[in-house]
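The residues making up each chain are set out below.
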Amino acid sequence: MKTSTKKIALMVPVLAVVAGCIPSPRELETTPVQVQTPKGVVTCQLYRQDRVDWDRAIDFPATKMSVPEADAYCQQEGQRRLNR
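Just so you know, these numbers come straight off a predicted model, no measurement behind them. (Residues numbered from 1 in each chain as written. Predicted model: local features only at pLDDT ≥ 70, side-chain atom pairs only at ≥ 80, totals over all residues. Heavy atoms only, no water.)

Participant: Hey, could you go over the state of the cysteines for me, with residue numbers and the actual values?
Facilitator: The final tally for this structure, using the stated rule, is one disulfide. One disulfide bridge connects Cys44 with Cys74, the sulfur atoms lying 2.1 Å from each other. With the S-S bond torsion at -85°, the cross-link from Cys44 to Cys74 turns out left-handed. One end of the pair, Cys44, is in strand 2 (residues 40-45); the other, Cys74, is in helix 2 (residues 67-82), and 30 residues separate them in sequence. (Disulfide = S-S within 2.5 Å. Helix = DSSP H or I, 4+ residues; strand = E, 2+ residues; numbered from the N terminus.)

Participant: Any chance you could break down the pattern of salt bridges for me, citing the residues and the numbers?
Facilitator: For the structure on display, the rule yields three salt bridges. For Lys39, the salt bridge goes to Glu69, with nearest N and O atoms at 3.0 Å. A residue pair is termed long-range when its members are at least 10 positions apart, and Lys39 in the loop between strand 1 (33-37) and strand 2 and Glu69 in helix 2 qualify at 30 residues. Assessed through its relative accessible area of 33%, Lys39 is described here as partly exposed. Judged by its relative accessible area of 23%, Glu69 falls in the partly exposed class. Salt bridges sharing partners connect three or more residues here, namely Glu77, Arg80 and Arg81. (Salt bridge = Lys/Arg side-chain N within 4 Å of Asp/Glu carboxyl O. Buried < 20%, exposed > 50% of the residue type's maximum accessible area, 1.4 Å probe, protein only.)

Participant: For the environment of Val35, give the residues involved together with the corresponding values.
Facilitator: Relative to the elements of secondary structure, Val35 occurs in strand 1. Each C-alpha atom of the pair Val35 and Phe60 lies 9.6 Å from the other, and the pair is 25 residues apart in sequence. Beyond its immediate sequence surroundings of up to four residues, Val35 is in contact with Gly40, Val41, Val42, Cys44 and Glu77. (Contact = heavy atoms within 4.5 Å.)

Participant: So what about the packing of aromatic side chains? Which residues, and what values?
Facilitator: Per the counting criterion, the structure on display carries one aromatic pair. Geometrically, the ring pair formed by Tyr47 and Trp54 is edge-to-face, given 6.0 Å between the ring centres and 90° between the ring planes. What makes Tyr47 buried here is its relative accessible area of 5%. (Phe/Tyr/Trp six-rings, centres within 6.5 Å; stacked < 30°, edge-to-face > 60°.)

Participant: Could you give an account of the sheet that holds strand 1, with specific residues and numbers?
Facilitator: One open sheet accounts for three strands, arranged 1-2-3; its pairing is antiparallel. Of all strands in the sheet, those with a lone pairing partner are strand 1 and strand 3 (56-59), marking the two edges. The sheet shows a mean angle of 50° between the axes of neighbouring strands, taken without regard to direction. Bridging between strand 2 and strand 3 involves three bridges; their strand directions are antiparallel. (Pairing = 2+ DSSP bridges. Axes fitted to C-alpha atoms, helices over the stretch in contact; angles between N-to-C directions.)

Given below as structure tokens:
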């Protein structure tokens, strides 16, 4: 039992330090951008400048497109900006 207690006592501070080094998506947000699409304007929240995985729609014409479709437009915009 003493060995596992020691391991836990050592691991908790290590995990806390590592967790503190990982940025949250909120810290990587850019100013929202608007993208004109054939179905209307989509407002996108873009994140990292080197990836598009988190890019998503925060406003879109819901009667004309689905969430996955709106998110795809945002990821396309993020990719377009990445390739500049």
